[in-house]
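Observations on the model geometry
Single-letter residue listing:
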Amino acid sequence: MTATPESGARGIRRGARLPVTGSVALAVVILLWLAALVSPLFARRAAEIRLEERLAAPSATHPFGTDDLGRDLFARVMVATPISLGIGLAAAAVSLLVGFAVGASAGYFGGAADLLLSRVMEVVLCFPVLFLLLALAAFLPPSPAAVILAIGLTSWPGDARYARAEVLKVKDLDYTRAARAAGASTPRILVRHLLPNVLPPLLVSAAFGVAWAILAEAALSFLGVGLPASTASWGGILAVAPTYIEEAWWMALFPGIALFLTVSAYNLLAEGLRSAVVERGSR
Amino acid sequence: MRLLATTLVAIALLAGCRGKERQGAFAAPRKSPAPAATRVGSSPADGGTLYRRLFGEPGSLNAVLQTDVPEQLVLQYLSRNLFDFDDRLALVPGLAERFETSPDGLSFTVHLRPEAVWEDGVPVTPSDAVFTIRKIADPGTSSPLYKSFFEDLVSVEEAGPHAFRARFRRVDAYRAMAFALPLLPARRFQGVAFDRAPDNRAPLSNGPYRLTSWKAQESITLERNLRYWGPRGYFDRIVFRVVPENAVAYRALVQGDLDESWIDAPLKQRAAEDPAFSQCCRVVEFYDLDYNYIALNARLPFFADPRARRAVTMLLDREGIARHLFQGSARVISGPWAPESPAYDSSVEPLPFDPKGAAALLEDLGWRDTNGDGIRDRDGREFDFELLVSAGNTIGRQIDETFAAALARVGVRARVRPLEWASFVERVDSGAFEAASLASSASDPNPDPYPYWDSSQWPPRGLNSGFYRNPEADRLMEQARGERQEDRRIAIYHRLHRIFRDDAPAVFVVNATKKYGLRRRLQGVETSPLGLFGIWPGPLGWWALEAPAGVRP
Amino acid sequence: MIRYTLQRLALAVPTLLGIVILVFLLLHLAPGSPVTALGAESGRRVSARAAEEMRRLYGLDRPLPERFATWLVRVGRLDLGESFVDHRPVATRILEALPYTLLLNGLALLLTLGIAIPLGVAAGGHPEGSLDRVSGVVLFALYSLPSFWAALLLQTLFSVRLRWLPLYGVASDGTPSGWAGLSDRLEHLALPVVCLTYGSLAFFARLVRSGVAEARQHDFVLAARARGASPRRALWAHAFRNALLPLITLLGLMLPGLLSGSVIIERIFAWPGVGRLFFDSILARDYPVVLALSLLGAVATLVLTLTADLAYALADPRVRDGTEPR
């Protein structure tokens, strides 16, 4: 194949569409964000404590039942939506930003920088994620920022490795060399050539990252080291469920379904994006 | 004087009668009833195994170093105290037979039983007692449970073949409680670092059982100590299982893997609706000395004024909480004691639940919403505070969220924040908090409020974490400490109770019942204000019915 | 090869040091100290004076660099110190817990590989076929299922409602050791192993599947088939073997994942393993234990990754010559 500016370039395959599952997933994700947008409508209901109605089974007035303080569970799950989604997105963003910065630098500059940065990546990767997460989340003063930071700072190596690998694949391609030979400055190469080609794969990484971050936040909240109670996410609502699992199965079921649905949707979306992103130059 | 004292002791011993009203702890110890002496009903099956629950792993089984309940539960079988509390909180003889007080009230001579021996046959001697007490008082030893009793110790030495004498710096009405104390065998700790002694994992017993196996994180097994000098325990074996989760313990109880377990209100409700539970088990419920309260930091502008604190108390629907969150198994309290405590004056009514009155009070005090954000403010400071709760404390969190919702309705914001235990305690003990949900847990019947509410006990010295200060209360508390006459002391406490109610140093919430699930075969379970385990004979008096053939007891 | 090995080993040293530094720093930024963590379960408060004494006793008042240097020296001598909670050697506590975690994770790993490989090969052999589609959906569902939720639901179903399996623990009391008690132990293992397996199973199966599907298209596979090899043989002998090498590398990375899962699962099922020990030690601020466990976990991963890299290099000359980017 002759060297053309497009050869070896990665991009969304022209005419490519998300597979069916991917489209469904995208629709679900959009629906979830819409739910997050309308959730403030439920804020009052979610905060209404009625002790005499505690642990009521699902009914017409309370489609998901009530929790241990008599609050409507449906409203609470709705109100938790932007929180879970928001934290997930923010944490994934932190992870992606740090990961991309580190990974791309390692891949592009190579040599000593690559050696050093790869070691840093390796250090974090060697830890069982939950070991590190627990330590961070338990030791930082609890707040959404702390949770976002903890998750972001423990999952960035995955993004970094991915970014590094992608940059390495693109860096030595003919057109990049040509650009360098022509005297283009490093930032220009990075922005005009590397970035557009690395971006689509990074989108895939981002989508997986959001799924993971939402799961991680839920796990932290479930274990009791996540968000403060007043801003309960789905994991936070689930944390109370084991105590009432035999008399109030709805407390475990509905927030868990919301969580599962969201994580699945993002994972499927990521998978769909991945199949739409294909190396042009493959045989 | 000494003759008189000894005579009084003798009379008290002979006159020990169960019909007597509540005995103060300062009274001379009564003769202890033989455990399991009353076995009426169907023939009990002697021997067998008792399955107890530990909700955590004991750190070490060193009686002096013990810090937590799992250790106490196990050590209770292995290590007798000099004196114990019986179910009505009076001191009864244990390893010791009796004690005498010097006329000036500063010296105590304790007489050990001559027949007390360790499991290897060596007698328990005064040198063991002296060693133990010196160790406790030693600043290098960390003994959270007993240290405070011996802070005023001047000296302790042997006083004969079976006695020792301890001398203190000042008179304290409850000094005798210091001798509800276990002993360590001095010779086993010679030449080893106290913290790391092998005896801490394999303690020498002087009680009815001895340790035979300890599987870390799983179980601890005890078997009869054949050398024990006292009445033998009923069961051949005691197995403690480590089960941290309540729900899991509940199921273990129903399945027969546990004979007893502490349960909370939700589990009690589940038990009531569970036919499997009613077949195998029953719930035992009683009021004890523990209570819930919300500590307020008096250094904050909004909590500095007692009227504001009263207003805040009036915003909490404590009756509703008792009725719904505790399903009626709790009672509202008006001061820092449980109604079972002699210090509690039941004529002191709790502040009413009165949101309107509270709002009016806050208005009067100048807390008004001047900037229209829905939160009251004054002098530029918003009535907005952080309410800490320990992460595992479900009921505390529920109370807090109810409280926060009620406060929000009158324009006060409370941000509920669960903290995991280590951080929580650090913040509370150092006074670095604004409000915190706490539970007061009594390990002895001493109702002395001094360590918690006297203004000399502010952090970091003491436990008055809320920086509460009331000169009149201070005066009364100090007076009570030196008062040796029990009825006069109680009268002072009653006056203090009224002050505490009006001054509202904290929001006193409820005194809830303790609930335990027990398998039906288990008998002889006595309750007390100190719970099932802090008393004599306590679990040592438990026995079991024999199961009919083929049925799991 | 020797050169590559030495290079690789040399690179591992700074990683190791980085691990140790990271963990040590983390712990000492913690707000709670071991003193305040005592009495966690019963909610008992310790007086400030007693707390201060304990702080002194445990040496928490000496400067940070001194503490770290001391600890480094001890680790060099393989002396992991003593637990703050019960004063037993940390090594003892870990060795007690390790077999339980190894058992759980070992079984999970076996199951994962045992199911993921055949499934992945079969699905990858016929991409977009019915097996591929169905398994794809199911595996994704499993991959997205939070382990703590799954554990709760499984417990409710199998332990509470159906009463088929025990709720927690390693074995019922009085269970004989050896073969006689095997069925009881297996019953206790069932739920925890399932919860630990399904996540990595999903991940691994998909990986095998895509690896096989991709390798399937390579020239040598087509060539093999052109030579008359049956599709199955071509798949296993060639496609899978070539997909194998990257997978070996990933095995090294699975260990941290399994250990992470252990923390939650062991807690829910009261399994006395390393995961539960870690979580409890974090809450109790038992510095020596947390440090030791983090170190061991990271080192084990490092060793596995190293081995995998060397195996990869052994098999693929391009790697050790440095022409293939790693």
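Residues numbered from 1 in each chain as written. Chains lettered and ligands numbered in written order. Predicted model: local features only at pLDDT ≥ 70, side-chain atom pairs only at ≥ 80, totals over all residues.

Side note on the overall build of chain C
The number of helices and strands found in chain C is 13 helices and zero strands. When the helices and strands of chain C are listed from N to C terminus, the series reads α-α-α-α-α-α-α-α-α-α-α-α-α. By the burial criterion, 43% of the 326 residues in chain C qualify as buried. Taking the intrachain contacts of chain C between residues at least 6 apart in sequence as the baseline, contacts between residues at least 24 apart amount to 71%. (Helix = DSSP H or I, 4+ residues; strand = E, 2+ residues; numbered from the N terminus. Buried ≥ 20, exposed ≤ 12 C-beta atoms within 10 Å, placed from the backbone. Contact = placed C-beta atoms within 7 Å.)

Some points on the interface of chain A and chain B
Taken together, the contact between chain A and chain B spans 20 residues of the former and 20 residues of the latter. Of the residues assigned to the side of chain A that touches chain B, the class counts are twelve nonpolar, three polar and five charged. (Nonpolar A, V, L, I, M, F, W, Y, C, P; charged D, E, K, R; others polar.)

Here we look at helix α14 (residues 486-503) of chain B
Residues and elements named next belong to chain B. Here α14 spans 25 Å end to end across 18 residues, near enough to the 26 Å set by a 1.5 Å rise per residue. All of the buried residues along α14 are Arg-489, Tyr-493, Leu-496, His-497, Phe-500, Arg-501 and Asp-503. Taken end-on, α14 shows its buried residues confined to a sector of 160°, consistent with a single buried face. In this structure, the buried side of α14 is in contact with α7 (306-314) and α13 (471-482). Immediately downstream of α14, the backbone of Ala-504 shows phi near 45°, a positive value. (Expected span 1.5 Å × (residues − 1). Arc of directions from axis to C-beta.)

Quick notes on the sheet that holds strand β20 (residues 506-508) of chain B
Either a parallel or an antiparallel arrangement is found when strands of a sheet pair, and the pairing is made through backbone hydrogen bonds. All names here are of chain B. Judged by pairing direction, the sheet is mixed, and its five strands sit side by side in the order β18-β17-β19-β13-β20 without closing on themselves. The open sheet is flanked by β18 (413-419) and β20, the only strands paired with a single partner. Averaged over all pairs of adjacent strands, the angle between strand axes in this sheet comes to 25°, irrespective of strand direction. Bridging between strand β13 (residues 291-296) and strand β19 (residues 435-440) involves six bridges; their strand directions are antiparallel. The partner of Tyr-291 across the bridge, within β19, is Ser-440. (Pairing = 2+ DSSP bridges. Axes fitted to C-alpha atoms, helices over the stretch in contact; angles between N-to-C directions.)

A short note on the confidence of the model for chain C
Residues and elements named next belong to chain C. Put simply, chain C has an average pLDDT of 76, and 75% of its residues get 70 or more. Ranking the elements of chain C by mean pLDDT puts helix α3 (residues 48-57) last, at 52, and helix α5 (residues 90-125) first, at 89. This stretch, residues 40-47, has a pLDDT under 50; its non-local contacts, to residues over four places away or in other chains, come to 28 contacts. Scored as a complex, the prediction yields pTM 0.77 and ipTM 0.79. (pLDDT = per-residue confidence, 0-100.)

A short note on the environment of Gly-380 of chain B
All names here are of chain B. As for its placement among the helices and strands, Gly-380 is situated in the loop between β15 (377-378) and β16 (381-382). According to the C-beta neighbour criterion, Gly-380 is exposed, with 7 such atoms within 10 Å. Expressed as a C-alpha distance, the spacing of Gly-380 and Thr-370, which sit ten residues apart in the sequence, is 9.0 Å.

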